[in-house]
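What follows is each chain in one-letter form.
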Amino acid sequence: MQKYIPYGRQDISEADINAVVEVLRSDLLTQGPVVPAFEQAVAHKVDARHAIAVNSATSALHIACLALGLGQGDWLWTTPNTFVASANCARYCGANVDFVDIDSQTWNLSVPALAAKLQHHRNEGKPLPKVLVPVHFSGQPTEQEKIWELAQEFGFKVLEDASHGIGASSSGEPVGSCRWSAITVFSFHPVKIITSGEGGMALTNDEELACKMSILRMHGITRELSRLEREASGPWYYEQQTLGFNYRMTDLQAALGLSQLDRLEKYVIRRNQLATRYDELLKDLSLQQPTIQPDNRSSFHLYVVRLPTRENPNKHRQVFEALRQAGIGVNLHYMPVHLQPDYCRLGFSEGMFPEAEAYGKEAISLPLFPKLTEDQQDCVVNHLQKLIND
Ligand SMILES: *Cc1c(COP(=O)(O)O)cnc(C)c1O
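Residues numbered from 1 in each chain as written. Predicted model: local features only at pLDDT ≥ 70, side-chain atom pairs only at ≥ 80, totals over all residues. Heavy atoms only, no water.

## Considering the overall build of the chain
- Counting secondary structure elements, the chain contains 13 helices and 14 strands.
- Relative to its length of 390 residues, the chain is compact, with a C-alpha radius of gyration of 22 Å against a globular reference of 21 Å.
- Here the chain holds 390 residues, and the buried ones make up 54% of them.
- Put simply, of all contacts in the chain between residues at least 6 apart along the chain, 71% involve residues at least 24 apart.
- If the 36 positive side-chain charges of the chain are averaged to one point and the 45 negative ones to another, these points end up 4 Å apart. (Helix = DSSP H or I, 4+ residues; strand = E, 2+ residues; numbered from the N terminus. Rg over C-alpha atoms; globule rule 2.2 N^0.38 Å. Buried < 20%, exposed > 50% of the residue type's maximum accessible area, 1.4 Å probe, protein only. Contact = heavy atoms within 4.5 Å. Lys, Arg positive; Asp, Glu negative; His and termini not counted. Charge placed at Lys NZ, Arg CZ, Asp CG, Glu CD.)

## Side note on the domain arrangement of the chain
- Domain annotation for the chain reports domain 1 (14-261) and domain 2 (264-389).
- Taking the mean C-alpha position of each, domain 1 and domain 2 sit 26 Å from one another.
- On the side of domain 2, 36 residues touch domain 1, which itself brings 40 residues to the contact.
- Between domain 1 and domain 2, a total of about 3,300 Å² is buried, with carbon and sulfur atoms accounting for 57% of that surface.
- Put simply, domain 1 and domain 2 have 1 salt bridge between them.
- A salt bridge links Arg 91 to Asp 342; its shortest N-O distance comes to 3.0 Å.
- The tally of links between domain 1 and domain 2 comes to 25 residue pairs in polar contact (both at pLDDT 80 or more).
- Going through the elements one at a time, α4 (85-92), β3 (96-99), β6 (169-170) and α8 (251-261) are the ones with two or more residues in the side of domain 1 that touches domain 2. (Domains from an automatic or database assignment. Buried area = accessible area lost by both parts, 1.4 Å probe. Salt bridge = Lys/Arg side-chain N within 4 Å of Asp/Glu carboxyl O. Polar contact = N/O pair within 3.5 Å; in protein donor to acceptor, adjacent residues only side chain to side chain.)

## A look at the site of the ligand
- Taken together, 15 residues lie around the ligand, and Thr 58, Asp 161, His 164, Ser 187 and Lys 192 are the ones closest in.
- Asp 161 places a polar side-chain atom, nitrogen or oxygen, 2.7 Å from a nitrogen atom of the ligand.
- Here the ligand loses 92% of its free accessible area of 380 Å² to cover by the protein chains.
- Among the residues forming the shell around the ligand, the class breakdown is 5 nonpolar, 8 polar and 2 charged. (Near = heavy atom within 4 Å. Areas by Shrake-Rupley, 256 points an atom, 1.4 Å probe, with all protein chains shown as cover. Nonpolar A, V, L, I, M, F, W, Y, C, P; charged D, E, K, R; others polar.)

## Structural notes on the sheet that holds strand β8 (residues 183-187)
- The mixed open sheet is built from 7 strands, whose spatial order is β1-β9-β8-β5-β4-β2-β3. Of all strands in the sheet, those with a lone pairing partner are β1 (50-54) and β3, marking the two edges. On average, adjacent strands in this sheet sit at an angle of 20° to one another, irrespective of strand direction.
- In the sheet, β8 pairs with strand β9 (residues 200-204) via 5 bridges, with the strands oriented antiparallel. For Val 185, the partnering residue across the bridge sits in β9 and is Ala 202. (Pairing = 2+ DSSP bridges. Axes fitted to C-alpha atoms, helices over the stretch in contact; angles between N-to-C directions.)

## Some details on the side chain of Ser 169
- Of note, Ser 169 is situated in strand β6.
- Apart from residues lying up to four places away in sequence, Ser 169 is in contact with Pro 141, Pro 174, Val 175, Asp 295, Asn 296 and Arg 297.

## Observations concerning the environment of Asp 16
- Along the polypeptide, Asp 16 turns up in helix α1 (residues 14-24).
- Between the C-alpha atom of Asp 16 and that of Thr 276, which follows or precedes it by 260 residues, the distance is 28 Å.
- The contacts of Asp 16, once residues within four sequence positions are left out, are Asp 11, Leu 256, Ser 259, Gln 260 and Arg 263.
- Within the local environment of Asp 16, its side chain forms a polar contact with the side chain of Ser 259, the two groups lying 2.6 Å apart.
- Here the side chain of Asp 16 touches Arg 263 through a polar contact of 2.7 Å, side chain to side chain.

## What about the pattern of salt bridges?
- For the structure on display, the rule yields 18 salt bridges.
- Put simply, Asp 342 and Arg 345 hold a salt bridge, and the shortest N to O gap is 3.9 Å.
- In this structure Asp 342 comes out as partly exposed when scored by relative accessible area, which is 38%.
- For Arg 345, a relative accessible area of 65% translates into the label exposed.
- Bridged by salt links that share partners, the residues Asp 11, Asp 16, Arg 263 and Lys 371 form one connected network.

Structure representation (C-alpha cells):
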C-alpha cells in the first residue's frame, strides 16, 4: 500500500524552484547578491549580528574552530551522540578531541557530567578544553546558560552545533542568537529543517570572529581596504593573509535556502504537531519517548524512541530490520562517535561514555518531515506496535 517512507525528506515548492531558476538566468551563479541576502535573512531570523554562509556545516565548524584559535596541542570537547563532523573539526585543526557523556533523558550533552569532568581535569592538572561543541540534539536546545557559566569559570569558548536546531528556542531565545556562545553553526543538508542542497552557516555577534571566518572561507583572501596589511598597488589588489579554503556557498544554493527560510516557522510547527501525535500514539508502548524541557521549543529534526532491550539485546536490530523490510526508513542517530574505528585508534573504547553507549543500543529515529502524512505515521506506529508486542 505505502511506498518507502524515509526518515527525513526535503520539501521543495514551486517558489523554491523559481528562485533557483532566477539565479540561473542571472549574471552571477556564485559570489552574487543572493548569498549576502540569505546571510542577512538568517541572521535577522535568529537574532544574531553576523552570518557567514559556507558550503556545509562541516566547513562552518572547521572555520569556526580556526577563528577561535584552536590548533595543535589544544582540546575540543563534544558529545559522543552526534554526527562525526562535530568532533572531526578539531582534528582538521590539528587539535585533540574528547567527549562528555549525555543526559539519559534529553540525550544532549550532560551539564553535570561536563562540570564534573572539568573539575576533575583541573584537580588532576589535565588539559582543559579550548572549545566546547554542544549539539542541540534532535532540535532540543542544550542548557546554554549553564554551559556559558562553566565557560567563564574554566576559560573555554562555546561553539554550538545547531545543525538540527534552526527554528528552536529556549526561554524564547532563538537558537543561533549566540547569546551564550561565541559561534553557532547551522546545516542546510536536505534532511535538515531547511535546505540549500548542501550548505551551512556560522552565526556570531563578534565582528572579529565574523571577519576571520569570512576570510577563511575564501582562501584566506581579503580585498577590504581597511583590513589590508600593505598599501593597495592598484584596483586589482587583494591579499592572502592566512591559509584559507574555498568553502563558498553558491547563489543557486542561497536562493533555495532563502526561499525555504520563508517556511521555517511552518515547518517547525508541523514537525511539532507530528511529534505530539507520535507522543500520543506511542504512549502505551514500553518505549522511552523524547523529553522536551519546559522552557524549550524543539525544532524536532528527529523523533527518537528508545526500546528497552535489557531482556533481549537483539531486539533493537530485529525491530530495525523489520521496519526497514516494511519500507519504513528508520535510522540510528547516532552510533557513539568515540566507538568509530577511526576514534578507537585514538584510544577511545567501549565503556568510556556509558549513557551514550546504552542510548546507541536502543535508539530508533522514526520518520519525521513536514510532508509526512497521518496515514504514513499510522503505518509506522502500527508496525512498531506489532513488533514490540511480539
Ligand atoms: C548534518 C550534521 C552536520 C554536518 O552537516 P553538513 O552540512 O552535512 O556538513 C554536523 N553536525 C550535526 C549534528 C549534523 O547533524
